[in-house]
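Coordinate analysis (summary)
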Amino acid sequence: MKLRTHYVFSTGLLTLFTYFLYPALITPIVAGLISVIGNLTIDKLGHEIRGKYISRTPRTHTLPRSIGWGILLSLPFVITLFFLNFNFIIGIIDGFLVGPSHMLLDVFTERGIYIRKNKRWTRFALAHFRYDNLVINSLAIFIGIVMLYVALSI
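Report follows, based on the coordinates. (Residues numbered from 1 in each chain as written. Predicted model: local features only at pLDDT ≥ 70, side-chain atom pairs only at ≥ 80, totals over all residues. Heavy atoms only, no water.)

Comments concerning the packing of aromatic side chains
The way to describe two aromatic rings as a pair is by their centre distance and the angle between their planes. Quick reminder of the rule: The rule is short: rings of Phe, Tyr and Trp, with Trp giving its six-membered ring, pair when the centres are within 6.5 Å, and they are stacked under 30 degrees, edge-to-face over 60, tilted in between. By definition, any uninterrupted DSSP run of H or I lasting at least four residues is a helix, any uninterrupted run of E lasting at least two residues is a strand, and each is numbered from the N terminus. Exposure is judged per residue with a 1.4 Å probe applied to protein chains only, and the accessible area is read against the type maximum: over 50% gives exposed, under 20% gives buried, and values in between give partly exposed.
Throughout the structure, instances matching the rule amount to three aromatic pairs. Their ring planes at 80° and their centres at 6.5 Å tell us that Y22 and F86 sit as a pair that is edge-to-face. Within this pair, whereas Y22 is found in the loop between α1 (3-19) and α2 (26-45), its partner F86 is found in the loop between α3 (63-83) and α4 (89-106), the two being separated by 64 residues in sequence. By relative accessible area, which is 22% here, Y22 ends up partly exposed. Here F82 and F83 contribute two aromatic rings whose centre-to-centre distance is 5.4 Å and whose plane-to-plane angle is 75°, an arrangement assigned as edge-to-face. On the basis of relative accessibility, which here comes to 46%, the residue F82 falls in the partly exposed class. Accessibility expressed as a relative area gives 62% for F83, which makes it exposed.

In structure tokens:
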């Protein structure tokens, strides 16, 4: 999926999960910041150029590693929220969920994500849509907006 699609979808998902714990204006802001930083880092560190193609690597495009990267990248927000006397748990939850939300969208693209099979990394995909498919990207963005709307209207 396109990076902007990851941003919107993850922001909606993270806000939906954490708004129940801490319904405050800062919740979607933290979700949006962690979404942008987490998804950007996962894509920048997890892609390499092979010939004339850009390819995903298991460095960030596995479920366990994406969770680790998300938690690591959310630590500055967790520390900041703690010192500002906000509920820092929302930063931990957002950091935990940003990687899996990225993998959820990537599993529907052409080459999918990496899973461990017989001590080797193999690709796994549920569908094989192109990463720049307008319909699929628009659908994921729409779902992200709906999740954000539902979270903020409750």
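Structure shown, so let's carry the discussion forward.
A word on the packing of α3 against α4
Put simply, the rule reads: Every angle, taken between N-to-C directions, lies between 0 and 180 degrees, and every axis is a line fitted to C-alpha atoms, over only the stretch in contact when it is a helix. Should an angle lie under 35 degrees it is considered roughly parallel, over 145 roughly antiparallel, and from 65 to 115 roughly perpendicular; all remaining angles are considered oblique. Crossing handedness is read from the near helix: turned anticlockwise from the far helix by less than a right angle, it gives a left-handed crossing, and turned clockwise, a right-handed one. Throughout, a residue-residue contact means that at least one pair of heavy atoms, one from each residue, lies within 4.5 Å. Residue polarity follows a fixed list, in which Ala, Val, Leu, Ile, Met, Phe, Trp, Tyr, Cys and Pro are nonpolar, Asp, Glu, Lys and Arg are charged, and the others, Gly among them, are polar.
As a packed pair, α3 and α4 sit with axes 7 Å apart at the nearest point and diverge in direction by 150°. Taken together, α3 and α4 sit at an angle that is classed as roughly antiparallel. Handedness of the crossing formed by α3 with α4: right-handed. Packed against α3, whose contacting residues are L63, S66, I67, G70, I71, S74, V78 and L81, the element α4 presents I90, G91, I92, G95, F96, V98, G99, P100 and M103 at the interface. Taken together, the residues of the contact of α3 with α4 sort by class into eleven nonpolar, six polar and no charged.

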